[in-house]
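Geometric and topological summary
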Amino acid sequence: MCTNGVNTNQFTMMLEQMDDQFAVNRRWVHKLAHTAGDAGYTKTDDALHKVQELLDEARAILTDAKDALEEDAEAASGVTVTAV
């Protein structure tokens, strides 16, 4: 569905792709943090766990953006085109 020149279905899919990428990055940062921690690199371990937290926050904000997109699309004025 297009609203105000934006294909909202495609936009939603792109937000989901970003979330998937952040999830993969989070998983790798988590593995690296534990590798650093197991080796006794406490500063590196701490820093990587902070990155992990930031990626969690980014994923939550992407979820908020996806919800906002749905609300904005419903409230948008203008022409709405759907395939039949």
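To keep things clear, this report deals only with the structure shown in the data block.

**What about the overall build of the protein chain?**
The helix and strand tally for the protein chain stands at two helices and three strands. Along the protein chain, from the amino end to the carboxyl end, the secondary structure elements read β-β-α-α-β. By the burial criterion, 18% of the 84 residues in the protein chain qualify as buried. With an accessible surface of roughly 6,200 Å², the protein chain has 57% of that area assigned to carbon and sulfur atoms.

**Examining a negative patch on the surface**
The grouping of Asp-64, Asp-67, Glu-70, Glu-71, Asp-72 and Glu-74 at the surface amounts to a negative patch. Examined against the element boundaries, Asp-64 turns out to sit in helix α2 (residues 42–75). What makes Asp-64 partly exposed here is its relative accessible area of 49%.

**Some points on the pattern of salt bridges**
Counting across every chain of the model gives three salt bridges. One salt bridge in this structure joins Lys-66 and Glu-16, with 2.8 Å as the shortest N-O distance. Here Lys-66, found in helix α2, pairs with Glu-16, found in helix α1 (residues 8–38); they are 50 residues apart in sequence, far enough to count as distant. For Lys-66, a relative accessible area of 26% puts it in the partly exposed group. The class of Glu-16 is partly exposed, set by a relative accessible area of 34%. The salt bridge involving Arg-59 is made with Asp-19; its shortest N-O contact spans 2.7 Å. With Arg-59 in helix α2 and Asp-19 in helix α1, this pair connects stretches of sequence that are 40 residues apart.

What counts as what
Residues numbered from 1 in each chain as written. Predicted model: local features only at pLDDT ≥ 70, side-chain atom pairs only at ≥ 80, totals over all residues. Heavy atoms only, no water. Helix = DSSP H or I, 4+ residues; strand = E, 2+ residues; numbered from the N terminus. Buried < 20%, exposed > 50% of the residue type's maximum accessible area, 1.4 Å probe, protein only. Areas by Shrake-Rupley, 256 points an atom, 1.4 Å probe, with all protein chains shown as cover. Patch = residues over 30% accessible without salt bridge, like charges linked within 9 Å, V, L, I, M, F, W, Y side chains within 5 Å. Salt bridge = Lys/Arg side-chain N within 4 Å of Asp/Glu carboxyl O. Lys, Arg positive; Asp, Glu negative; His and termini not counted. Charge placed at Lys NZ, Arg CZ, Asp CG, Glu CD.

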